[in-house]
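Coordinates in review
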Amino acid sequence: MKLNRNLYLYSFLAKFSLLKKSYTAKIMSVAFLGTHVPLLTLLFCFVTSNSYSWEMAIRVLLIALLATLTGTAATLYALHYLLAPVILTSAALQDYLHTKKLPELPTEYADEAGTLMADTAQTLHKLDELIHQISNYDNLTGLPNRDLFCDRLYQNISQSQNQQMVAVLLLGIDDFTGISHGLEHEKSNLLLRSVAQRLTNCIGQTDILAHLSQDEFAIAHIDILSFESVIKLSQLLLSTISKPFFIDGQQIHITASIGITINHIGDRHYVDQLLQQAHIALYQAKQQGRSQYRFYSPEINARLQERLTIENELRGALERGEMVVYYQPLIDLQTRQITALEALVRWQHPTRGLVSPAQFIPIAEDNGLIISIGEWVLRTACAQNRAWQLAGIEPIRMSVNLSARQFEKPNLVEVVKQVLQETDLAASYLELEVTESFLMGDIQHSVKTLKQLRELGLWIALDDFGTGYSSLNYLNRFPVNMLKIDRSFVQNVTSNSDSAAVTDAIIALAKSLQLKITAEGVETQEQLEYLQQRGCQEGQGFYFGIPAPADKITDLLKHNSRQLEHIVA
Ligand code: C2E
Ligand code: MG
Ligand code: MG
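About the criteria used
Residues numbered from 1 in each chain as written. Chains lettered and ligands numbered in written order. Predicted model: local features only at pLDDT ≥ 70, side-chain atom pairs only at ≥ 80, totals over all residues. Heavy atoms only, no water. Buried < 20%, exposed > 50% of the residue type's maximum accessible area, 1.4 Å probe, protein only. Helix = DSSP H or I, 4+ residues; strand = E, 2+ residues; numbered from the N terminus. Pairing = 2+ DSSP bridges. pLDDT = per-residue confidence, 0-100. Contact = heavy atoms within 4.5 Å. Domains from an automatic or database assignment. Phe/Tyr/Trp six-rings, centres within 6.5 Å; stacked < 30°, edge-to-face > 60°. Lys NZ or Arg CZ within 6 Å of the ring centre and 35° of its normal. Donors = N, O, S within 2.8 Å, 3.2 Å for Na, K, Ca; no water. Near = heavy atom within 4 Å. Polar contact = N/O pair within 3.5 Å; in protein donor to acceptor, adjacent residues only side chain to side chain. Areas by Shrake-Rupley, 256 points an atom, 1.4 Å probe, with all protein chains shown as cover. Nonpolar A, V, L, I, M, F, W, Y, C, P; charged D, E, K, R; others polar. Axes fitted to C-alpha atoms, helices over the stretch in contact; angles between N-to-C directions. Left-handed = near helix turned anticlockwise from the far one by under 90°. Patch = residues over 30% accessible without salt bridge, like charges linked within 9 Å, V, L, I, M, F, W, Y side chains within 5 Å. Salt bridge = Lys/Arg side-chain N within 4 Å of Asp/Glu carboxyl O.

Most of strand β8 (residues 323-332) is tucked away, with eight of its 10 residues classed as buried. Summarising the sheet, β8 and strand β9 (residues 338-349) pair through nine bridges and their orientation is antiparallel. Following the sheet pairing, V324 is matched in β9 by R346. In this sheet, strand β17 (residues 548-549) lies alongside β8 in antiparallel orientation, the contact comprising two bridges. Its bridge partner lying in β17, Y327 is registered against A548. As paired elements, β8 and strand β16 (residues 538-539) share two bridges and run antiparallel to each other. Across the sheet, the residue bridging to D332 is E538, located in β16.

We now examine the confidence of the model for the chain. In the predicted model, the chain carries a mean pLDDT of 88, and the fraction of residues at 70 or more is 94%. Within the model, the stretch residues 563-569 combines pLDDT values under 50 with 17 contacts to residues more than four positions away or in other chains.

Segmenting the chain into domains produces domain 1 (5-134), domain 2 (146-296) and domain 3 (318-566). Each of domain 1 and domain 2 has a C-alpha centre, and these two points are 60 Å apart.

Along the chain, I231 turns up in helix α9 (residues 227-242). Distance in space between the C-alpha atoms of I231 and E431 is 48 Å, their sequence separation being 200 residues. In this structure, I231 is in contact with Y293 and F295, ignoring residues within four places of it in sequence.

With that settled, the discussion passes to the packing of aromatic side chains. One pass over the full model with this rule turns up eight aromatic pairs. With a centroid separation of 5.4 Å and an interplanar angle of 75°, the aromatic rings of Y327 and W388 are classed as edge-to-face. Separated by 61 residues along the polypeptide, Y327 in strand β8 and W388 in helix α13 (residues 369-390) bring together distant segments of the chain. Its relative accessible area of 1% is what places Y327 among the buried residues. Overall, W388 belongs to the buried group, its relative accessible area being 4%. In this structure, R397 packs its charged tip against the face of W459, placed 5.4 Å from the ring centre.

The protein atoms that coordinate the magnesium ion (ligand 2) are E342 (OE), N401 (OD1), E433 (OE) and D463 (OD), at distances spanning 2.0 to 2.3 Å. Mapping the donors of the magnesium ion (ligand 2) onto the primary sequence yields the spacing E-x58-N-x31-E-x29-D. A gap of 3.9 Å separates the magnesium ion (ligand 2) and the magnesium ion (ligand 3), which D463 links by coordinating each metal. Linking E342 in strand β9 with N401 in strand β11 (residues 397-401), this pair joins segments that are 59 residues apart in sequence. Here E342 falls in the buried class, since its relative accessible area comes to 4%. With a relative accessible area of 28%, N401 lands in the partly exposed category.

What follows deals with the site of ligand 1. In the vicinity of ligand 1, 24 residues are found, and the nearest of them are R346, N401, D463, E523 and F542. E342 has a polar side-chain atom sitting 2.9 Å from an oxygen atom of ligand 1. Contact distances for ligand 1 include 3.1 Å between an oxygen atom and a side-chain N or O atom of E520. If ligand 1 stood free it would expose 790 Å²; the protein chains cover 84% of that surface. Of all the elements in the fold, those that place two or more residues in the shell around ligand 1 are β9, α12 (357-367), α13, β13 (459-465) and α19 (487-491). Here the shell around ligand 1 gets four residues from one element, more than from any other, and that element is β9. Among the residues making up the shell around ligand 1, the classes are represented as 10 nonpolar, six polar and eight charged.

With that settled, consider the packing of α13 against helix α15 (residues 412-423). The interhelical angle for the contact between α13 and α15, taken along N-to-C directions, is 35°, at an axis separation of 9 Å. Handedness of the crossing formed by α13 with α15: right-handed. Between α13, through E375, L378, R379, C382, A383 and R386, and α15, the contact on the second element is made entirely by V415, V416, V419, L420, E422 and T423. Looking at the contact of α13 with α15 residue by residue, the class counts come to seven nonpolar, one polar and four charged.

Ligation of the magnesium ion (ligand 3) by protein atoms is provided by D463 (OD), D464 (OD), E520 (OE) and E520 (OE), these donors lying 2.0 to 2.7 Å from the ion. Summarised as a motif, the one-chain spacing of the donors to the magnesium ion (ligand 3) is D-D-x55-E. Note on D463: relative accessible area 7%, which makes it buried. According to the relative accessible area criterion, D464 is partly exposed, its value standing at 25%.

Of all seven residues in β13, five are buried; the element is thus mostly enclosed. Here strand β12 (residues 430-435) runs beside β13; their pairing, made up of five bridges, is parallel. From the neighbouring strand, E431 faces β13, where its bridge partner is W459. Direction of pairing for β13 relative to strand β14 (residues 482-485): parallel, over a ladder of three bridges.

There is a patch of nonpolar side chains on the surface, built from F32, L33, V37, W54, I58, L62, L65 and L69 and spanning about 790 Å² of accessible area. If you list the elements that add at least two residues to the nonpolar patch, you get α2 (23-49) and α3 (54-82). The element that contributes the greatest number of residues to the nonpolar patch is α3, accounting for five residues. Inspection of the secondary structure puts L33 in helix α2.

Structure follows, in structure tokens:
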């Protein structure tokens, strides 16, 4: 490092071990040398050049030496005190560094040393405030952050005399990611600020409100009088949030869910536990649907732990080659021949065994892993279908399930096109299964995407038909080829008149819209006969065959040219 010229003497003196550690010693040595050396040299010359007697010379020298020593001692003494501002400032900085204790330095002096003390004190105070602000408050909403929330909650409780009950409410905006996607960044920030403002207006004076993460706010309701008061507060919060927001001239509707835990507070660590419990309850509330509140319970906790484990293990499962595709035949109910296969993914877990998609697909949908898993299933199923064709087997349709997350991706059509090219499969041998519920999200986008997919030449089936929201109005607009009657109706078709009525209605609807129709979950001869009578074209279910790995299906397909009475996997 280049040395500042002003520091040459200082750094030179710092080389002497005796002076190294003390700034005062450096100043004193210089003062001492500065006063003694010239004076004594002068005296010595004076005495030796005037022919004094030895006695006289020694006397003069002694007196001069004594006087100089006394003078120097007084100077050094004074210097020592004059150096006090520097020493004090340095000690104050050290103290702040090690103990975070703010210095009390004088601020009334105007010279350089005075400003050094005053500026140091002011800078440290400002720095401390800044650090406090940054580490305790959320800079978007100005509300306390998680750390301050926990500290305040703990302080509050530990100061109280009797064992207080506290409710921790965790409020999460429903589908904030989706909402913020549709808004400019600045608008979604303004929205969060407005939410914070509304929440502040709802809570009581002793309550603590904090902004924990983007779409999550925590409220500690201290000194709760009754269960009802907590419920009332939750309802108030939910209704306040569901009133429209006006941001930059735009009207925005949002809803929120709340997870609640009520407990005593033990130690500081317990505050974190309360937040975790509220988090679990929030998750449950969100599962129930929008604008709900829910209390924490240990059973929920256990289920969530399991989910978390699966979620962690699911990451990388695809890369580790743990995913496999099973195939289930779809049968023409008249000819009893296999007309298609549905690709159904399974997770070959190293310790849990074969995990059903019902267990991991919802998790993969939540964390987005479904995008890569879904694309892999599509590629594997198309490649397998082509491989069967190349092996000389009669070509059939391959049906692949699409998830909502895949459907939302703008490059879906491109991906499907690319997979078809890569696997060299003609589009007419691919069918994609979509569900009504996710088509109903953004109808315009759904219609556009379905049209583009159909233009590729592939088939679209509406899976689990009858279980979603009523979409009869829109059914006409969705360019689909096929309805798959959900197995919940098929299963009771011979025992429950309502299920039979729904099944009949769906078959009639499909006919009038000129759509093909498949019944899912056919398990018995009676169900099959019922469906045949009503004119249902295709069936899928354990009665014909359970989902099986490709090699088992190969044998089935080889016999497919024959009329199939029963296909048992
Ligand atoms: P789905 O698309 O409705 O698939 C039919 C489900 O019904 C399959 O369950 C199948 O094994 C089951 N099933 C078929 N016949 C019968 C029957 O006769 N009786 C009964 N009780 N069940 C029958 P699976 O394989 O467990 O798949 C469950 C769901 O997971 C699927 O429902 C589908 O929504 C989803 N899924 C499976 N694979 C994928 C995939 O690759 N991507 C996506 N996004 N979802 C998938
Ligand atoms: Mg399906
Ligand atoms: Mg289905």
